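Analysis of the macromolecular model
Chain by chain, the residues:
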Amino acid sequence: MSAWLTRHAQTSIGSLGRLSQQKLATLLTVLVIGIALALPACLHLLISNAQNATGNWNKAVDLTVFLKRPTSAEDASRTAGRIKQRRDVSNVEVITADAALKEFRHDSGFGAAIDALNENPLPHTLVVTPAADFTTSANLDSLAADLRAMPSVEVVQLDTAWVNRLNAILETVRRGLIVAAALLALGVMVIVGNTIRLDIQNRRAEIEVTKLVGGTDGFVRRPFLYNGIWYGLGGGITAWIITAAVIAILREPIGRLAGLYGSAFQLGGLDARATLILLGSGIVLGWLGSYLAATRHLRAIEPT
Amino acid sequence: MIRFDHVFKRYPNGREALSDLSLEIDSGEVVFLTGHSGAGKSSLLKLISLIERPTRGQLIINGQNVSGVSRRKVPAFRRQIGMVFQDHKLLHDRTIFDNVALPLIIAGVGTKEIGKRVRAALDQVGLLGREQSVPLELSTGEQQRVGIARAVVSKPPVLIADEPTGNLDPELSLEVMNIFRRFNEVGVTVLVASHDLYLLEHFPVRRVRLECGRVVDDIPAGISAGEKLVDPAKLITGSEGAM
Ligand SMILES: Nc1ncnc2c1ncn2[C@@H]1O[C@H](COP(=O)(O)OP(=O)(O)O)[C@@H](O)[C@H]1O
Ligand SMILES: [Mg+2]
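Predicted model only: the values in this text are computed from it and were never measured.

The next point concerns the sheet that holds strand S4 (residues 153-158) of chain A. Residue and element names in this part refer to chain A. Read from one edge of the open sheet, four strands run S2-S3-S1-S4, paired in antiparallel fashion. What marks the edges here is a single partner per strand, and that holds for strand S2 (89-95) and S4. Going from strand to strand, the sheet's axes swing by 20° on average, the running direction of each strand aside. As defined by bridge partners, S2 adjoins strand S3 (residues 125-130) across six bridges and the pair is classed as antiparallel. Paired with Glu93 across the strands is Val127, a residue of S3.

The next subject is empty space enclosed by the protein. This structure, assessed with the given rule, holds one cavity of 30 Å³ or more. Empty space within the largest cavity amounts to approximately 120 Å³. What lines the largest cavity is a set of 13 residues, and nearest its centre among them are Val213(A), Ile81(B), Gly82(B), Met83(B) and Ala151(B). For the lining of the largest cavity, the secondary structure elements donating two or more residues are strand S6 (81-84) and helix H5 (140-152) of chain B. For the lining of the largest cavity, the element with the highest residue contribution is S6(B), accounting for three residues. Classifying every residue of the lining of the largest cavity gives eight nonpolar, two polar and three charged.

The subject of this paragraph is the domain arrangement of chain A. In terms of domain boundaries, chain A breaks down into domain 1 (2-57 + 164-300) and domain 2 (62-158). The C-alpha centroid of domain 2 of chain A is placed 55 Å from the C-alpha centroid of domain 1 of chain A.

Tallying the contact residues gives 22 residues for chain B and 20 residues for chain A. Summed over the three residues of chain B that lose the most area to chain A, namely Arg71(B), Arg78(B) and Ile106(B), the buried surface amounts to 30% of that side. For the interface between chain B and chain A, the tally reads four salt bridges. The salt bridge involving Arg94(B) is made with Glu206(A); its shortest N-O contact spans 2.3 Å. Linking chain B with chain A are six residue pairs in polar contact (both at pLDDT 80 or more), by the criterion used here.

The next subject is the pairing of strand S2 (residues 16-25) of chain B. All names here are of chain B. Relative to S2, strand S1 (residues 2-10) is paired through six bridges, and the arrangement is antiparallel. Its bridge partner lying in S2, Val7 is registered against Leu21. From the end of S1 to the start of S2, which pair antiparallel, there are five residues, and Gly14 there has a positive phi angle of about 95°.

Cut-offs and rules
Residues numbered from 1 in each chain as written. Chains lettered and ligands numbered in written order. Predicted model: local features only at pLDDT ≥ 70, side-chain atom pairs only at ≥ 80, totals over all residues. Heavy atoms only, no water. Pairing = 2+ DSSP bridges. Helix = DSSP H or I, 4+ residues; strand = E, 2+ residues; numbered from the N terminus. Axes fitted to C-alpha atoms, helices over the stretch in contact; angles between N-to-C directions. 1 Å grid on protein atoms, 1.4 Å probe; cavity = no way out; pocket = protein on both sides within 12 Å on 5 of 7 lines; lining within 4 Å. Points joined across faces, edges and corners; volume = space filled by probe spheres on them. Nonpolar A, V, L, I, M, F, W, Y, C, P; charged D, E, K, R; others polar. Domains from an automatic or database assignment. Contact = heavy atoms within 4.5 Å. Buried area = accessible area lost by both parts, 1.4 Å probe. Salt bridge = Lys/Arg side-chain N within 4 Å of Asp/Glu carboxyl O. Polar contact = N/O pair within 3.5 Å; in protein donor to acceptor, adjacent residues only side chain to side chain.

Dropping the structure here:
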């Protein structure tokens, strides 16, 4: 058992030593794997960040309730009071028709035209802010339906359509991520496999001798599997560095952009779990690519 | 120990290297395999090391029929046969120690035991102290001795050598053969393919001569080589006459 462990340790270190002797070739392979792994990692961050951001924005969605005309100002505030008692509502602001008109006159610059009207065409308006725990689109939809059913309510405007659209887009991107990740994983395996194939060609004589003195397929394959594992781990680390660099470059401008929209949104990087998955998939893909290539190509080498 | 029973070996190109060859080698014997180039010596050794397989006939080694040895079992089978090659087949990017240790590493022997046995094997071929050299720092004769140390380090019951002295001058050849003899003295069965007449004269061991893939002559140990090394055709008629 301890001899077995010692062997593996020696083989893995030997493999590392051999790779470090061919610095440029190893570096290029690791870099290519790193880029291939960084692409899905960045896509993943795009999706998770976008979700975070829209999560925040969903919370900022208010419902705008236009009351029927004519409704008295007292009725309006009574309705507002009733709505405010609901569990899923945190606040209701009443904008009376007069206040709305005043604001409109001030903002629009159509003062003279509005003065020409004999009566205020605007209804009383309630701005309903949902409670923090009730901001999913299902909750918002049912709240809107309830409000619509109230006798004095004319129209309820709920601006979740764009959030839904964005979620649909994110879902599409997520599917795309899965496809891209699968293709790039295949790519990583092909890169590793091809590198291992060249490696095997270069060490043909050594492989023949090892088989001659009784080396099993597994024994001959082992150093190449370690090569694959090191390539994969190196690629995973490179991908992590690339991703971290992308985040570092984008964090400041995106923070500024979010600030302009009045959001405190912060671009998030890879968490511990995502980091482990990234390194782990690098190792697994490197191992798998080298396993497939080594098994295939080593079979073909027999002493003569 | 090794028994060929009407063995044929035909290569994919149609060339028949061994035809209807029968030969029995007992445990603990030393046998010279002689014959002109192309007679089939290497082919015979390759059948023993399972580099090639018989086209027809039975080959039984150490009680085991090689036709029953599947591809997966070949490595374990080869570990009971030490092989020495004319071109040494050493790994040039590794030290002498690592070269000799290879069969033990493959067999999963522990690190301490490996050190002991590698030094013992190198001692037997007179190369103790050269563990940390690389093959190219050694002379051809020394490289060949490293090859022998590697072949015997795991104490196989059979040692086969294909033209082990092909690249050596007479003096070094004798030295190498003496090493083989010493292994034989501790019970190892030794089979050496060689057309080195000088060697044959100095070692009165059993001599099997091949010609066109057949055994044409089998001289037991102890008979002086001198008279046997004349015209082979005469030899055949001579033995026929005696019958
Ligand atoms: N791999 C091979 N493919 C085809 N023919 C071969 C092969 N190896 C040997 N031969 C042929 O088999 C015959 C015996 O060769 P070999 O066993 O090498 O003889 P020796 O070792 O006595 O010189 C020769 O005619 C040789 O050309
Ligand atoms: Mg030959």
